[in-house]
Amino acid sequence: MNLPNKLTTLRMFLVPVFAVVFLAGGADNDLTRIISCIIFCAASLTDMLDGKIARKYNLITDYGKFMDPLADKLLVCTAMICLMSFGQLPAWVLIIIIAREFIISGFRLVAADNGVVIAASYWGKFKTVFQMAMVIVMLLRIRVEPFAMFFKVLETLLMYIAVILTVVSLIDYLVKNRGVLKEQK
């Protein structure tokens, strides 16, 4: 297993660590939120690093093409489920994001069955960056005046941008990969 794939695997391992730390601390434990945010940021950085290393040293593998987006989905969706459980993220946002992930995962499974690996698109990468930024701002939950209102607005803005990019990236995948669902002869 090469280094980018090890980083992807590490990110998947950090998902339950993040969830346990965040949920064990409760909604109002600032220290737990900071530790959770550090874990989330470390896991998010592995996403950036594994891709850069894989491209720079030509270490791109089918494992990486498949598992990297899956690890991102697990990390981000777990964090959003945790945030929703504390009332910070509206359920409709989570439903849109998770529905998109199920649809894309289904496309990837059908494509894989046909011997095609669908790599992440730029729209999908932008979506992931904004979802991660939204999660980080929500995890930190800055409540100190005069910054509280700014961060609340930033949180809301990032949430809407993440939702829009989620829908745009879904449409992009559907259009680019519409041939995957055609009946095989």
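What counts, and at which threshold
Residues numbered from 1 in each chain as written. Predicted model: local features only at pLDDT ≥ 70, side-chain atom pairs only at ≥ 80, totals over all residues. Heavy atoms only, no water. Helix = DSSP H or I, 4+ residues; strand = E, 2+ residues; numbered from the N terminus. Buried < 20%, exposed > 50% of the residue type's maximum accessible area, 1.4 Å probe, protein only. Contact = heavy atoms within 4.5 Å. Expected span 1.5 Å × (residues − 1). Phe/Tyr/Trp six-rings, centres within 6.5 Å; stacked < 30°, edge-to-face > 60°. Lys NZ or Arg CZ within 6 Å of the ring centre and 35° of its normal. Core = buried A, V, L, I, M, F, W, Y, C linked by side-chain atoms within 4.5 Å. Polar contact = N/O pair within 3.5 Å; in protein donor to acceptor, adjacent residues only side chain to side chain. Axes fitted to C-alpha atoms, helices over the stretch in contact; angles between N-to-C directions. Parallel < 35°, antiparallel > 145°, perpendicular 65-115°, else oblique. Left-handed = near helix turned anticlockwise from the far one by under 90°. Nonpolar A, V, L, I, M, F, W, Y, C, P; charged D, E, K, R; others polar. Salt bridge = Lys/Arg side-chain N within 4 Å of Asp/Glu carboxyl O.

1. A closer look at the overall build of the protein chain
In step 1: In terms of regular secondary structure, the protein chain is built from 6 helices and 0 strands.
In step 2: When the helices and strands of the protein chain are listed from N to C terminus, the series reads α-α-α-α-α-α.
In step 3: With respect to the principal axes defined by its C-alpha atoms, the protein chain has extents near 60 × 35 × 25 Å.
In step 4: Expressed as a percentage of the 185 residues in the protein chain, the buried residues total 42%.
In step 5: Within the protein chain, residue pairs in contact and separated by at least 24 positions form 80% of the contacts whose partners lie at least 6 positions apart.

2. Concerning helix α4 (residues 91-113)
Side chains three or four residues apart in an α-helix point the same way, a direct result of the helix having 3.6 residues per turn.
In step 1: Taking 1.5 Å of rise per residue, 23 residues should cover 33 Å, and α4 covers 33 Å from first to last C-alpha, within 8% of that figure.
In step 2: Of all the residues in α4, the buried ones are Val 93, Leu 94, Ile 97, Arg 100, Glu 101, Ile 104, Phe 107, Arg 108 and Ala 111.
In step 3: The inward-facing, buried residues of α4 contact α3 (62-85), α5 (122-140) and α6 (147-176).
In step 4: Of the residues flanking the end of α4, it is Gly 115, one or two places downstream, whose phi is positive at about 80 degrees.

3. Here we look at the packing of aromatic side chains
In step 1: Summed over the entire model, instances satisfying the criterion amount to 6 aromatic pairs.
In step 2: Where Phe 150 meets Phe 151, the ring centres are 5.2 Å apart and the plane angle is 85 degrees; that geometry is what we call edge-to-face.
In step 3: Ring-pair connections join several aromatic residues into one group, and the members of that group are Phe 18, Phe 22, Phe 40 and Phe 86.
In step 4: Above the ring of Tyr 122, the side-chain terminus of Lys 125 is found at 5.9 Å from the ring centroid.

4. Quick look at the nonpolar core
In step 1: Counting residues in hydrophobic clusters, the biggest one holds 30 residues, and the most contacted among them are Phe 18, Phe 40, Met 80, Leu 89, Met 134, Val 135 and Leu 139.
In step 2: Taken together, the elements giving at least two residues each to this core come down to α1 (3-25), α2 (30-56), α3, α4, α5 and α6.
In step 3: Look past the residues within four positions of Met 80 in its chain and what remains in contact with it is Leu 89, Leu 94, Ile 97, Gln 131, Met 134 and Val 135.
In step 4: Membership of the second largest hydrophobic core comes to 7 residues, among which are Phe 107, Ala 111, Leu 170 and Val 180.

5. Looking at α2
In step 1: If you check α2, its first and last C-alpha atoms are 39 Å apart, about what 27 residues at 1.5 Å a residue would give, namely 39 Å.
In step 2: Taking the backbone nitrogen of Leu 31 as reference, a side-chain oxygen 3.1 Å away marks Asn 29 as the first, capping residue of α2.

6. Comments concerning the packing of α5 against α6
In step 1: At a minimum axis separation of 8 Å, α5 and α6 run at an interaxial angle of 155 degrees. Taken together, the axes of α5 and α6 lie roughly antiparallel to each other. The handedness of the crossing between α5 and α6 is left-handed. Listed contacts from α6 to Trp 123, Gly 124, Phe 126, Lys 127, Phe 130, Gln 131, Ala 133, Met 134, Val 137 and Met 138 of α5 are Phe 151, Leu 154, Glu 155, Leu 158, Met 159, Ile 161, Ala 162, Leu 165, Thr 166, Val 168, Ser 169 and Asp 172.
In step 2: In terms of residue class, the contact of α5 with α6 is built from 15 nonpolar, 4 polar and 3 charged.

7. Here we look at unusual backbone geometry
In step 1: Not every positive phi belongs to a glycine, and Asn 58 is a case in point at roughly 50 degrees.
In step 2: Its place among the elements puts Asn 58 in the loop between α2 and α3.

8. Here's the deal with the pattern of salt bridges
In step 1: If you walk through the whole model with that rule in mind, you get 10 salt bridges.
In step 2: Here Asp 68 makes a salt bridge to Arg 11, at a shortest N to O gap of 2.4 Å. On the criterion of sequence distance, the pair formed by Asp 68 in helix α3 and Arg 11 in helix α1 is long-range, its members being 57 residues apart.
In step 3: Assessed through its relative accessible area of 0%, Arg 11 is described here as buried.
In step 4: A salt bridge links Glu 101 to Arg 100; the shortest N-O distance between them is 2.8 Å.
In step 5: Several salt bridges share partner residues, and in doing so they unite Arg 11, Asp 47, Asp 50, Asp 68 and Asp 72 into one network.

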